[in-house]
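If you want the building blocks of each chain, they are given just below.
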Amino acid sequence: MHELSIVSSIVDSVTESLAAYPGARVKEVRLRVGVLASVVEDSLQFCYGIATEDTPLAGSALIVKSLPIVAFCSKCNTEVELPGVQSFRCPLCDEPVSGLRQGRELEIESIEIEEV
Ligand SMILES: [Zn+2]
């Protein structure tokens, strides 16, 4: 499952960051996920519960922040937020947008830990 491999890599990188805080436990992990990252939040949450068992992340909350698609419109010379994944046209002038500026993110925004 796509989400399980994503969650495994999150667990790995959080565990790595925790090395500097022996005995600390994770309370909360915040993710930034672009809508083009093709991640289903329910699956992500489900996999998170499984993948964090017996790790310092066990019982922590996973908070997923969804990021809309932002593209650059060369006609308007500005960045525009697209309303959905169906259309890659500028909502202002209806021209096809050129560059994608946001929407494929899949990254850890912050980790909250509890030191023992
Ligand atoms: Zn435009």
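Before reading further, recall that the structure is shown in the block above.
Residues numbered from 1 in each chain as written. Predicted model: local features only at pLDDT ≥ 70, side-chain atom pairs only at ≥ 80, totals over all residues. Heavy atoms only, no water.

Structural notes on the overall build of the protein chain
Per the secondary structure count, the protein chain includes two helices and six strands. Along the protein chain, from the amino end to the carboxyl end, the secondary structure elements read α-β-α-β-β-β-β-β. A globule of 116 residues ought to have a C-alpha radius of gyration of about 13 Å, yet the protein chain, at 18 Å, is considerably larger. Taken along its principal axes, the extent of the C-alpha atoms in the protein chain is 55 × 25 × 15 Å. For the protein chain, the proportion of its 116 residues judged to be buried stands at 33%. Relative to all contacts within the protein chain whose residues are 6 or more apart in sequence, the contacts with residues 24 or more apart total 69%. Of the roughly 7,000 Å² of accessible surface on the protein chain, a fraction of 49% belongs to carbon and sulfur atoms. Within the protein chain, the 18 negative side-chain charges are centred at a point lying 8 Å from the centre of the 9 positive side-chain charges. (Helix = DSSP H or I, 4+ residues; strand = E, 2+ residues; numbered from the N terminus. Rg over C-alpha atoms; globule rule 2.2 N^0.38 Å. Buried < 20%, exposed > 50% of the residue type's maximum accessible area, 1.4 Å probe, protein only. Contact = heavy atoms within 4.5 Å. Areas by Shrake-Rupley, 256 points an atom, 1.4 Å probe, with all protein chains shown as cover. Lys, Arg positive; Asp, Glu negative; His and termini not counted. Charge placed at Lys NZ, Arg CZ, Asp CG, Glu CD.)

Let's talk about the coordination of the zinc ion
Around the zinc ion, the protein contributes the donor atoms Cys73 (SG), Cys76 (SG), Cys90 (SG) and Cys93 (SG), at 2.2 to 2.3 Å from the metal centre. Around the zinc ion sit four donor atoms, and with donor-metal-donor angles ranging over 104 to 116 degrees the site reads as tetrahedral. Sequence spacing of the donor residues for the zinc ion, all on one chain, is C-x2-C-x13-C-x2-C. For Cys90, a relative accessible area of 2% gives the class buried. (Donors = N, O, S within 2.8 Å, 3.2 Å for Na, K, Ca; no water. Tetrahedral: all angles 85-135°; square planar, octahedral: opposite > 155°, others 65-115°.)

Some words on the sheet that holds strand S1 (residues 25-34)
Taken together, three strands build an open sheet; the order of strands is S2-S1-S6 and the sheet is mixed. Edge positions in the sheet fall to strand S2 (61-67) and strand S6 (106-114), since each has one partner strand and no second. The mean angle between the axes of side-by-side strands here comes to 15 degrees, regardless of whether they run parallel or antiparallel. Relative to S6, S1 is paired through eight bridges, and the arrangement is antiparallel. The partner of Val29 across the bridge, within S6, is Ile111. Helix H1 (residues 2-18) contacts S1 and S6 of the sheet and is inclined by roughly 45 degrees relative to S6. (Pairing = 2+ DSSP bridges. Axes fitted to C-alpha atoms, helices over the stretch in contact; angles between N-to-C directions.)

Side note on the side chain of Thr55
If you trace the backbone, Thr55 turns up in the loop between helix H2 (41-51) and S2. On the basis of relative accessible area, Thr55 is assigned to the buried category, the value being 18%. A polar contact is formed between the side chain of Thr55 and the backbone oxygen of Thr52, at a distance of 2.6 Å. Every residue in contact with Thr55, bar those within four places of it in the chain, is listed here: Val11 and Arg25. (Polar contact = N/O pair within 3.5 Å; in protein donor to acceptor, adjacent residues only side chain to side chain.)

What to know about the environment of Leu44
Note on placement: Leu44 falls in helix H2. In the structure, Leu44 is positioned 42 residues away from His2 in sequence and 9.0 Å away in space, judged by C-alpha atoms. Beyond its immediate stretch of four places on either side in the chain, Leu44 contacts Glu3, Ile6, Val7, Leu31, Val39, Leu62 and Val64.

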